[in-house]
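Close look at the chain arrangement
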Amino acid sequence: SAKDRGKSTVAAYDSRLHAEALDRLELRADLQRAIFSNELLLHYQPTVELETGKIVGFEALVRWQHPVRGLLSPAAFVPMAEETGLVVQLNTWVLFEATRFAVVLQNDWRRPTMAVNISAQQLVRPDFVEQVNRALAESGLPADRLTLEITESVVLQDLEDVIPRLAQLRSRGVRVAIDDFGTGYSSLAYLTELPIDVLKVDKSFIDRVASDAQGASVTEAIIAMSHTMNLSTVAEGVEVAEQAAWLRQVRCPIGQGYYWSRPVDEAGVHELLSRPTNELGGSADLVSYRT
Ligand code: C2E
Ligand code: MG
Ligand code: MG
Ligand code: MG
């Protein structure tokens, strides 16, 4: 009967939820182990000077080589790490690993900077500044080669604590970037209050520049504002030559995206740096993830 069919639909739904909950529980236990057992790894994506094609830095992006599930992207486990508080340990590992590798890269004539994504929970900890200082001291990376990427919502959560902390780090040379700019609270008033160096314009704004005139003018206004505030500007998620050309035209200094390279492993970074500057573009090996 219809009633029975209803019941079995509900039962199927229940058991699916149950399976998902179990799955998450399992993944959570796994993550705890992964942090201590070398299953996390970093891929690095270059940032490129638009005018010249020269690599100026890399962003460290975490992945999880799960023994059963394969290579997982941050979307598959960072939110869970945030919920459970494991993100603090995760990001501590990322900070130390990324600075270690960044030192190796300082032998290159470009002396590329290294950008690390910082989560809210990490930033509000009283020992955050000390942790960054320790990563710099232990690795030997010059402070001005490290960029901390922070999203708008993260900074706005606890302005009074966060501003002096960022100012302290900046006073010793560490650079601070606002990540995914334009997707958060989008209040421009706070921008002038923040001790920052770099604005990373979110991919959603770059997606529109080649196709949509109105979208392009908003993106152009953001880039102009960033320039007026003496910030460096990075265009995120540049995928095609038209976007790169448009960005050059509006004097955006730096780009990042698949057009130049996907995030790559350490060997891939060395390979990118060994290429002649004008040959960078689009051809880096594709890596596929499960999300
Ligand atoms: P994000 O910091 O904005 O990083 C940029 C993301 O955009 C990366 O995704 C990168 O692979 C992707 N991307 C770059 N260029 C292109 C492009 O041309 N087209 C497209 N479609 N995508 C592009 P990924 O590696 O999956 O990272 C996603 C997010 O996860 C990051 O966004 C960041 O918020 C977070 N994340 C990554 N690593 C860490 C970490 O170590 N700690 C924390 N807390 N979060 C991290
Ligand atoms: Mg980032
Ligand atoms: Mg970003
Ligand atoms: Mg983004």
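Keep in mind that what you see is a predicted model, and the values were worked out from it rather than measured. (Residues numbered from 1 in each chain as written. Chains lettered and ligands numbered in written order. Predicted model: local features only at pLDDT ≥ 70, side-chain atom pairs only at ≥ 80, totals over all residues. Heavy atoms only, no water.)

Describing empty space enclosed by the protein
One simple way to see leftover space: roll a probe sized like a water molecule over the atoms. So the rule is basically this: Only protein atoms enter the calculation, which uses a 1 Å grid: trapped sets of points that fit a 1.4 Å probe without letting it out are cavities, open sets showing protein on both sides within 12 Å along at least five of seven lines are pockets, and any residue with an atom within 4 Å of a point is a lining residue. Grid points are joined across faces, edges and corners, and a volume is the space filled by probe spheres set on the points.
On inspection of all chains with the given rule, the structure shows 1 cavity of 30 Å³ or more. Looking at the largest cavity, the residues that line it are Gly53, Lys54, Ile55, Arg110, Leu272, Arg275, Pro276, Thr277 and Leu280.

Some thoughts on the pairing of strand S7 (residues 198-201)
Which entries qualify depends on this criterion: Each residue's exposure class comes from its accessible area (1.4 Å probe, protein chains only) as a fraction of the maximum for that residue type: buried when under 20%, exposed when over 50%, partly exposed otherwise. We count a stretch as a helix when DSSP gives it H or I for four or more residues in a row; a strand needs E for two or more, and each element gets its number in order from the N terminus. At least two DSSP bridges between two strands are required for those strands to pair.
Burial along S7 is two-sided: the face carrying Val198 and Lys200 and the face carrying Leu199 and Val201 are both buried. Two elements, strand S6 (residues 175-181) and S7, share 3 bridges in a ladder whose sense is parallel. By the bridge assignment for S7, Phe181 is matched with Val201.

Observations concerning the packing of aromatic side chains
Filter applied, for reference: Side-chain rings of Phe, Tyr and Trp, where Trp is taken by its six-membered ring, are said to pair if the distance between their centres is within 6.5 Å; with planes under 30 degrees apart they count as stacked, over 60 as edge-to-face, and otherwise as tilted.
Tallied over the full model, the rule gives 3 aromatic pairs. Taking 5.5 Å as the distance between ring centres and 85° as the angle between the ring planes, the aromatic pair formed by Trp64 and Phe77 counts as edge-to-face. Here Trp64 is found in strand S2 (residues 55-66), whereas its partner Phe77 is found in the loop between strand S3 (70-72) and helix H2 (78-84), with 13 residues between them in sequence. An identical accessibility class is assigned to Trp64 and Phe77; each is buried. Measuring from ring centre to ring centre gives 5.0 Å for Tyr259 and Trp260, while their planes differ by 75°; the resulting arrangement is edge-to-face.

Notes on the coordination of the magnesium ion (ligand 3)
As a reminder of what qualifies: In this description, a donor is an N, O or S atom within 2.8 Å of the metal centre, a cutoff extended to 3.2 Å for sodium, potassium and calcium. Water is not part of the atom list, which can make sites seem incomplete.
For the magnesium ion (ligand 3), the full set of protein donor atoms is Asp179 (OD), Asp180 (OD) and Glu236 (OE), at a range of 1.8 to 2.5 Å. When the donors of the magnesium ion (ligand 3) are listed by position in the chain, the intervening gaps give D-D-x55-E. Distance-wise, the magnesium ion (ligand 2) is placed 3.6 Å from the magnesium ion (ligand 3), both being coordinated by Asp179. Of the two residues, Asp179 sits in strand S6 while Glu236 sits in the loop between strand S8 (232-235) and helix H10 (241-249), which places them 57 residues apart along the sequence. Glu236 shares its class with Asp179; the two are buried.

Some words on the site of ligand 1
The condition that has to hold: When at least one non-hydrogen atom of a residue lies within 4 Å of a molecule or strand, that residue is treated as near it. Whenever a nitrogen or oxygen atom comes within 3.5 Å of another N or O atom, the pair is scored as a polar contact, on the condition that within protein one atom can donate a hydrogen and the other can accept it, and that pairs from neighbouring residues in sequence are kept only if both atoms are in side chains. A 1.4 Å probe and the Shrake-Rupley method give the accessible areas. Residues count as covered only by the protein chains that appear here. A molecule is said to be in a cavity or pocket once over half of its atoms fall within 2 Å of that pocket's grid points.
Taken together, 21 residues sit near ligand 1, with Arg63, Asn91, Asp179, Glu239 and Tyr258 positioned nearest. Take Asp180: an N or O atom from its side chain is 3.0 Å from an oxygen atom of ligand 1. Contact with the protein chains removes 79% of the 810 Å² of surface that ligand 1 exposes when unbound. Counting atoms within 2 Å of the grid points, the majority share of ligand 1 lands in the largest pocket. Mapped onto the shell around ligand 1, the elements with two or more residues apiece are S2, helix H3 (87-105) and S6. If one sorts the elements of the shell around ligand 1 by residue count, S2 sits on top with 4 residues.

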